[in-house]
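# Structural characterization, general
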2 protein chains.
Amino acid sequence: MRMLTRPELKMQLQNAGIRPSVQRLAIYEYVKNSCEHPTAEAVYEALRDELGSLSLTTVYNTLKLYVDAGLVMMLHIDDNFQRFDGDTSVHAHFRCSLCGSIHDLSVKGDYHTWLCGVENLAVTDAQLYLKGVCSKCSQQ
Amino acid sequence: MRMLTRPELKMQLQNAGIRPSVQRLAIYEYVKNSCEHPTAEAVYEALRDELGSLSLTTVYNTLKLYVDAGLVMMLHIDDNFQRFDGDTSVHAHFRCSLCGSIHDLSVKGDYHTWLCGVENLAVTDAQLYLKGVCSKCSQQ
DNA sequence: TTCATTTTTGTAACCACTGCAAATATATAA
DNA sequence: TTATATATTTGCAGTGGTTACAAAAATGAA
């Protein structure tokens, strides 16, 4: 996924009915253009200098705002942290037990084709989480 | 899955090299024969009367022991709680956003057939989580 | 019985996350 | 511009699930 420009990101927020304040735009840009599935704390640490003042609460609130609006996904692949993914398309996640890194995986079809008996269920979210040792760690 | 008897459960623990104390066997029996994917707190509440004295710490430690031994799965489908599943076979989980209940779903094949590029990854665990509204809640 | 090891227990602490109210910034109206 | 209402941000305190730790109890070996 190519990097999104500020005007593009701003437009996305406005289309979702969210006013693009300085903090909101910075947080949105960081999550959308990051591929490391950051925690709220990581977003906070990455932006606090750039923004001068930033509250961790703002980061949490803003990310929740985006999740509720469907702009960002919240991941629970990590036992101890919420993680956030700006890529809302259908894909799976792999977490390395050794280095803790999280990688995207492409999927074939979607969850409908993997499951039996989902006809009566109104599914709003599907997450496929894998754990193990990544290729980099297994070489060492 | 039929209910497992005490002798069967006891044998499973011994085969895993785990000494079946009174607390361990009771916790193991409860998780293995439950289909509600209980939290540690739920296991504790269900067994404290039967066992006379029981510590919540013992429940947490014992469940972790079983998870590390591969006898029980830990689920992270719920945002706020660890949940435990005595059924370690490949299956997916559906969580109802309204009533909070968690249901098992059968899957076709396994994760290898759903994904691209898992050849270089040593996968030790795969979890497919779905969220939405269950059939019971959508009728009301 | 005696001693070492294992298991259980209760309390205190941890820490990611949230609630809340004050402070600040922004939009609207006059 | 000024005044007022609304929206957003901020910092701190609190919450609650989970874990660390050390003492107590149970178990096994000699």
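Every value quoted in this text rests on a predicted model; they were computed, and no experiment measured them.

Counting residues in each nonpolar core, the largest one holds 30 residues, and the members touching the most others are Leu115 and Leu130 of chain A together with Leu115 and Leu130 of chain B. Those elements giving two or more residues to this core turn out to be strand S3 (92-96) and strand S5 (122-133) of chain A together with strand S3 (92-96) and strand S5 (122-133) of chain B. In contact with Leu115 of chain A, other than residues within four places in its own chain, are Ala92, Leu105, Ser106, Val107, Lys108, Leu128 and Leu130 of chain B. Among the nonpolar cores identified, the runner-up in size contains 22 residues, and Leu13, Ala40, Leu54 and Met74 of chain A belong to it.

Before going further, it helps to spend a moment on the layout of surface pockets. Reported here for the largest pocket is a volume of approximately 720 Å³. Lining the largest pocket are 29 residues, with Met74, Thr124, Asp125 and Gln127 of chain A together with Lys131 of chain B positioned closest to its centre. Mapped by element, the contributors of at least two residues to the lining of the largest pocket are helix H4 (56-69), strand S1 (73-75) and S5 of chain A together with S5 of chain B. When residues of the lining of the largest pocket are assigned to their parent elements, the largest contribution, 5 residues, is made by S5 of chain A.

Turning our eyes to something else, we now look at the protein's contact with DNA strand D. In the vicinity of DNA strand D there are 15 residues, among which Arg19, Ser21 and Ser53 of chain A together with Tyr60 and Gln82 of chain B approach most closely. Protein-proximal atoms of DNA strand D, defined as those within 4 Å of the protein, fall in sugar or phosphate at a share of 85%. In the model, a phosphate oxygen of DNA strand D is placed 2.8 Å from a nitrogen or oxygen of the Arg24 of chain A side chain. Within the contact set of DNA strand D, a base nitrogen lies 3.0 Å away from a side-chain nitrogen or oxygen of Thr57 of chain A. When residues of the surface near DNA strand D are traced back to their parent elements, those giving at least two are helix H2 (22-32) and H4 of chain A together with helix H4 (56-69) of chain B. Counted by class, the surface near DNA strand D contains 3 nonpolar, 9 polar and 3 charged residues.

Let's shift gears to the packing of helix H2 (residues 22-32) of chain B against H4 of chain B. Residue and element names in this part refer to chain B. Where H2 contacts H4, the axes come no closer than 10 Å and their chain directions differ by 70°. Considering their axes alone, H2 and H4 lie roughly perpendicular with respect to each other. Note on packing geometry: the crossing formed by H2 with H4 is right-handed. Where H2 approaches H4, its residues Gln23, Arg24, Leu25, Ile27, Tyr28 and Val31 are matched on the opposing element by Thr58, Val59, Thr62, Leu63, Leu65 and Tyr66. Across the contact of H2 with H4, the residue classes break down as 8 nonpolar, 3 polar and 1 charged.

In total, this model carries 4 aromatic pairs over all chains according to the counting rule given. Ring centres 5.0 Å apart and planes at 10° place the aromatic pair Trp114 of chain A and Trp114 of chain B in the stacked group. You can see Trp114 of chain A sitting in the loop between strand S4 (102-105) and S5 and its partner Trp114 of chain B sitting in the loop between strand S4 (102-105) and S5, one on each of two chains. The same class applies to Trp114 of chain A as to Trp114 of chain B, namely buried.

Attention now moves to the interface of chain B and chain A. Every contact between the two is made by 31 residues of chain B and, on the other side, 31 residues of chain A. Across the chain B to chain A interface the summed buried area is about 2,800 Å²; carbon plus sulfur atoms make up 63%. Area buried by chain B at its contact with chain A is led by His76, Trp114 and Leu115 of chain B, which between them contribute 20% of it. Connecting chain B to chain A are 0 salt bridges. Linking chain B with chain A are 13 residue pairs in polar contact (both at pLDDT 80 or more), by the criterion used here. Looking at the side of chain B that touches chain A, the elements with two or more residues in it are S3 and S5 of chain B. Tallying contributions element by element places S5 of chain B first for the side of chain B that touches chain A, with 12 residues. Here the side of chain B that touches chain A is built from residues that sort into 18 nonpolar, 9 polar and 4 charged. Bridge count between S5 of chain A and S5 of chain B: 11 bridges; the pairing is antiparallel. Along S5 of chain B, the bridge assignment pairs Lys131 of chain A with Asp125 of chain B.

Taken together, 15 residues are adjacent to DNA strand C, and Tyr60 and Gln82 of chain A together with Arg19, Ser21 and Ser53 of chain B come closest. Within 4 Å of the protein, the contacting atoms of DNA strand C are 81% sugar and phosphate, with bases supplying the remainder. At 2.5 Å from a phosphate oxygen of DNA strand C is found a side-chain nitrogen or oxygen belonging to Tyr60 of chain A. One of the side-chain N or O atoms of Arg24 of chain B is found 2.9 Å from a phosphate oxygen in DNA strand C. At the level of secondary structure, the elements contributing two or more residues to the surface near DNA strand C comprise H4 of chain A together with H2 and H4 of chain B.

Let's shift gears to the domain arrangement of chain A. All names here are of chain A. Domain annotation of chain A identifies domain 1 (6-84) and domain 2 (89-138). With 10 residues of domain 1 in contact, the opposing surface of domain 2 contributes 12 residues. Here domain 1 packs against domain 2, burying approximately 870 Å² in sum over the two surfaces, 59% of which is carbon and sulfur. Considering only the surface of domain 1 that becomes buried against domain 2, His37, Met73 and Ile77 emerge as the three largest contributors, covering 64% of it. For the interface between domain 1 and domain 2, the tally reads 2 salt bridges. The residue Asp79 makes a salt bridge to Lys131 at a minimum N-O spacing of 3.2 Å. In this assembly, domain 1 and domain 2 are joined by 6 residue pairs in polar contact (both at pLDDT 80 or more). Residue classes in the side of domain 1 that touches domain 2 are distributed as 5 nonpolar, 2 polar and 3 charged.

Analysis parameters
Residues numbered from 1 in each chain as written. Chains lettered and ligands numbered in written order. Predicted model: local features only at pLDDT ≥ 70, side-chain atom pairs only at ≥ 80, totals over all residues. Heavy atoms only, no water. Core = buried A, V, L, I, M, F, W, Y, C linked by side-chain atoms within 4.5 Å. Buried < 20%, exposed > 50% of the residue type's maximum accessible area, 1.4 Å probe, protein only. Helix = DSSP H or I, 4+ residues; strand = E, 2+ residues; numbered from the N terminus. Contact = heavy atoms within 4.5 Å. 1 Å grid on protein atoms, 1.4 Å probe; cavity = no way out; pocket = protein on both sides within 12 Å on 5 of 7 lines; lining within 4 Å. Points joined across faces, edges and corners; volume = space filled by probe spheres on them. Near = heavy atom within 4 Å. Polar contact = N/O pair within 3.5 Å; in protein donor to acceptor, adjacent residues only side chain to side chain. Nonpolar A, V, L, I, M, F, W, Y, C, P; charged D, E, K, R; others polar. Axes fitted to C-alpha atoms, helices over the stretch in contact; angles between N-to-C directions. Parallel < 35°, antiparallel > 145°, perpendicular 65-115°, else oblique. Left-handed = near helix turned anticlockwise from the far one by under 90°. Phe/Tyr/Trp six-rings, centres within 6.5 Å; stacked < 30°, edge-to-face > 60°. Buried area = accessible area lost by both parts, 1.4 Å probe. Salt bridge = Lys/Arg side-chain N within 4 Å of Asp/Glu carboxyl O. Pairing = 2+ DSSP bridges. Domains from an automatic or database assignment.

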